[in-house]
Amino acid sequence: MLQPARTKYRKVHKSRNRGLSYVANQVSFGDFGLKATTHGHLTSRQIEAARRCMSRYAKRGGKLHIRIFPDKPITKKPAETRMGTGKGGVEYYVAVVKPGRILYEMGGMNEQLAHEALKLAQAKLPVLTRIVHRADLSL
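Quick caveat: nothing in here was measured; it's all calculated off a predicted structure.

Undergrad: Teacher, can you tell me more about the sheet that holds strand β2 (residues 40–43) here?
TA: Strands belonging to one sheet form pairs held by backbone hydrogen bonds; the direction of such a pair is parallel or antiparallel. A sheet is described by the order of its strands in space; here three strands give the open sequence β2-β5-β4, paired in antiparallel fashion. Each having just a single partner strand, β2 and β4 (72–76) make up the two edges of the open sheet. Neighbour to neighbour, the strand axes of the sheet diverge by 50° on average, direction disregarded. Pairing analysis gives five bridges linking β4 to strand β5 (residues 89–97), with the strands arranged antiparallel. Residue pairing in the sheet places T75 in a bridge with V90 of β5. Contacting β2 and β5, helix α1 (residues 44–58) crosses the sheet at an angle of about 70° to β2.

Undergrad: Help me understand the pattern of salt bridges, please; the structure alone is not making it clear to me.
TA: Side chains bearing opposite charge may pair, as long as their charged atoms lie close to each other. In this structure the tally under the stated criterion is two salt bridges. Across the pair R51 and E48 runs a salt bridge whose closest N-O atoms are separated by 2.7 Å. A residue pair is termed a helical-turn pair when its members lie 3 or 4 positions apart in one helix, as R51 and E48 do in helix α1 at three residues. R67 serves as the salt-bridge partner of E105, at 2.3 Å between the closest nitrogen and oxygen. In this pair, E105 is assigned in strand β6 (residues 102–107) and R67 in the loop between β3 (63–66) and β4, connecting sequence segments 38 residues apart.

Undergrad: I'm lost on the packing of α1 against helix α2 (residues 111–124) in this one. Help?
TA: How two helices pack is summed up by the angle between their axes together with the distance between the axes. In the contact formed by α1 and α2, the axes pass within 9 Å of each other and the chain directions differ by 155°. With respect to each other, α1 and α2 are oriented roughly antiparallel. Where α1 crosses over α2, the two elements pack in a sense that is right-handed. Taking contact as the criterion, the partners of Q46, A49, A50, C53, M54, Y57 and A58 in α1 are, on α2, L113, E116, A117, L118, L120, A121 and K124. Among the residues forming the contact of α1 with α2, the class breakdown is eleven nonpolar, one polar and two charged.

Here is what the cut-offs are and how they apply
Residues numbered from 1 in each chain as written. Predicted model: local features only at pLDDT ≥ 70, side-chain atom pairs only at ≥ 80, totals over all residues. Heavy atoms only, no water. Pairing = 2+ DSSP bridges. Helix = DSSP H or I, 4+ residues; strand = E, 2+ residues; numbered from the N terminus. Axes fitted to C-alpha atoms, helices over the stretch in contact; angles between N-to-C directions. Contact = heavy atoms within 4.5 Å. Salt bridge = Lys/Arg side-chain N within 4 Å of Asp/Glu carboxyl O. Parallel < 35°, antiparallel > 145°, perpendicular 65-115°, else oblique. Left-handed = near helix turned anticlockwise from the far one by under 90°. Nonpolar A, V, L, I, M, F, W, Y, C, P; charged D, E, K, R; others polar.

Next up, the structure:
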């Protein structure tokens, strides 16, 4: 699974996920992209599941670019633990997603193949997305 090699701090505050994405909001590397339209968190497992789904459907034709990385640690306390005694240990990592963020990009294949691969990936993700083209820049 994807996770940072090392971090400056092991645990982070919860934070709020508001606003629009001003970084990675245009298709830059491929011809077609998957753009988030809602807020949310993507775990490294979900990112990997969508990647495998797209690459298997495309059968190694063309190129796939992942534009997100899970760098926020999520902690969890063990089951049946009493209140207090500090924050729990790191369980997994998530990528914070805002509306307008390009999650995946595909290039070097025909439009129909890329569209079907991206539709399969949409079903694997917990955030609502839409398929965009390089020329289409609207949210």
